[in-house]
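Fold and contact review
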Amino acid sequence: SSFLADRCEITGSCNIHKHAILVPYRNRTDQYEKFVKYMNDYIRNKNSTNTQISLWVIEQDDDELFNRGWLANVGLAEIFQTEPETECITYHDIDLVPDNTTTNNHHNYSFYDQCDVPIQLGSELETWNWMVPYPTYSGGITTLNTRHWRQINGFSNKFVGWGLEDDDFYHRLRLN
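The structure contained in this document is the topic of the report that follows. The structure presented is a predicted model; accordingly, all values stated were derived computationally and were not measured. (Residues numbered from 1 in each chain as written. Predicted model: local features only at pLDDT ≥ 70, side-chain atom pairs only at ≥ 80, totals over all residues. Heavy atoms only, no water.)

Now for the packing of aromatic side chains. Scanning all chains against the criterion turns up six aromatic pairs. Note on Trp149 and Phe169: the rings are 5.6 Å apart at their centroids and 25° apart in plane angle, and the pair reads as stacked. Placement of the pair is Trp149 in helix α4 (residues 146–152) and Phe169 in helix α5 (residues 165–175), with a sequence separation of 20 residues. By way of ring pairs, the aromatic residues Tyr91, Trp149, Phe155 and Phe169 are connected into one cluster. In this structure, Arg150 is placed above the aromatic ring of Phe80, and the distance from its NZ or CZ to the ring centre is 3.8 Å. (Phe/Tyr/Trp six-rings, centres within 6.5 Å; stacked < 30°, edge-to-face > 60°. Helix = DSSP H or I, 4+ residues; strand = E, 2+ residues; numbered from the N terminus. Lys NZ or Arg CZ within 6 Å of the ring centre and 35° of its normal.)

Put into structure tokens, the structure is as follows:
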């Protein structure tokens, strides 16, 4: 925001932490509308004088099978190019939103701010009795710092349709 830029220029110092939320999307208009509305409100409440969170929805607009990994890599490349100062990137399914009861609103803190190590934020879901569906599950919502994203070389582009890209992602994280 211009307020942040003005504040930094006036003080000569500004320690702004930039975070991006990256969302693959295709043909889920109802979920898209709900997600964007919820996340815009959430981000507006979480952005502060030293933290900026941006929302990136990357849409596949063709008749080919859905390629979630490819969409991730397109989004990562765009973020690296247009916002190189970004520290944390959260890869986020469009059908999940943060539970405000798991954040500390008094300190304007959210788990999206944490990326020293890769962290999975959206894994224990009510659908699975508040557990992960299997031990190596890495889908849902995952946050990594930009160094880690580069180190694992993003996602594989070879998985189309629904599934398996999360399992490959788990192995990329484990090996690196």
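In this section: the state of the cysteines. All told, the structure shown has one disulfide when counted by the stated rule. At a sulfur-sulfur separation of 1.9 Å, the disulfide partner of Cys88 is Cys115. With the S-S dihedral at roughly -70°, the linkage between Cys88 and Cys115 falls on the left-handed side. Note that Cys88 is positioned in strand β3 (residues 88–92) and Cys115 in the loop between β3 and β4 (119–120), a separation of 27 residues in sequence. (Disulfide = S-S within 2.5 Å.)

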